[in-house]
Amino acid sequence: MTDFPFSENPAINPARPWGDSDEVRRELTMWLKKMPDSQKALLRTVIENGEGTLDDRTLATADAINKIAEAFGFVNLVEIDSNGASLAGGAREPLIVLGLYR
């Protein structure tokens, strides 16, 4: 532990896992207020269907979401694999609680 009067930038080592905690909900609440509609739409699609289609638009949107997640110190929110886009483990519950899925 250091004697610095500030905490280390979490984006240096984005390793915070997603989960349904007060801390995660606070972070997501701030982020969702400014999140573009296209990003919210992708998250809604993934919540509803379990995965999103894999096309250039989805890849670009997922990349933008994950860059912000990294800035908050979190691991990727949207995971991309050969099946398409899916949410990181633990991310679905807080997004639903915050009203992203109705």
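Thresholds applied
Residues numbered from 1 in each chain as written. Predicted model: local features only at pLDDT ≥ 70, side-chain atom pairs only at ≥ 80, totals over all residues. Heavy atoms only, no water. Core = buried A, V, L, I, M, F, W, Y, C linked by side-chain atoms within 4.5 Å. Buried < 20%, exposed > 50% of the residue type's maximum accessible area, 1.4 Å probe, protein only. Contact = heavy atoms within 4.5 Å. Phe/Tyr/Trp six-rings, centres within 6.5 Å; stacked < 30°, edge-to-face > 60°. Lys NZ or Arg CZ within 6 Å of the ring centre and 35° of its normal. Helix = DSSP H or I, 4+ residues; strand = E, 2+ residues; numbered from the N terminus. Expected span 1.5 Å × (residues − 1). Arc of directions from axis to C-beta. Pairing = 2+ DSSP bridges.

Asker: Please give an account of the nonpolar core that cites residues and values.
Answerer: Within the largest apolar cluster, 22 residues are counted, with the highest numbers of intra-cluster contacts made by Trp18, Trp31, Leu43, Ile65, Leu77, Leu87 and Leu95. Filtering out sequence-adjacent residues up to four positions away, Trp31 remains in contact with Trp18, Gln39, Ile65, Ile68, Ala69, Phe72 and Leu77.

Asker: Describe in detail the packing of aromatic side chains, supporting the description with residues and values.
Answerer: For the coordinates displayed, the defined rule picks out three aromatic pairs. Here a set of aromatic residues connected by ring pairs shows up, and it is made of Trp18, Trp31, Phe72 and Phe74. One cation-aromatic arrangement involves Arg16 over Phe74; the distance from NZ or CZ to the ring centre is 4.0 Å.

Asker: Tell me about helix H2 (residues 37-49), and please be specific about residues and values.
Answerer: Look at H2: 18 Å from first C-alpha to last across 13 residues, which is about the 18 Å you get at 1.5 Å a residue. Looking only at H2, the buried set comprises Gln39, Lys40, Leu42, Leu43, Val46 and Ile47. Seen end-on, H2 carries its buried residues on one side only, within an arc spanning 160 degrees. Exposed side of H2, more than 90 degrees from the buried face: Asp37 and Asn49 are the residues found there. Those residues of H2 hidden inside the fold are in contact with helix H1 (22-34), helix H3 (56-71), strand S1 (78-81), strand S2 (84-87) and helix H4 (92-97).

Asker: Just give me the short version of the pairing of S1, but keep the residues and values in it.
Answerer: Bridge analysis of S1 against S2 gives four bridges, and the strand direction is antiparallel. Of the residues in S2, the one forming a bridge with Asp81 is Gly84. Two successive antiparallel strands, S1 and S2, enclose a turn made up of two residues.

Asker: Any chance you could break down the side chain of Asn66 for me, citing the residues and the numbers?
Answerer: With respect to the secondary-structure elements, Asn66 resides in helix H3. Since its relative accessible area comes to 10%, Asn66 is described here as buried. Leave out the neighbours within four places in its chain, and Asn66 touches Asn76, Leu77 and Val78.

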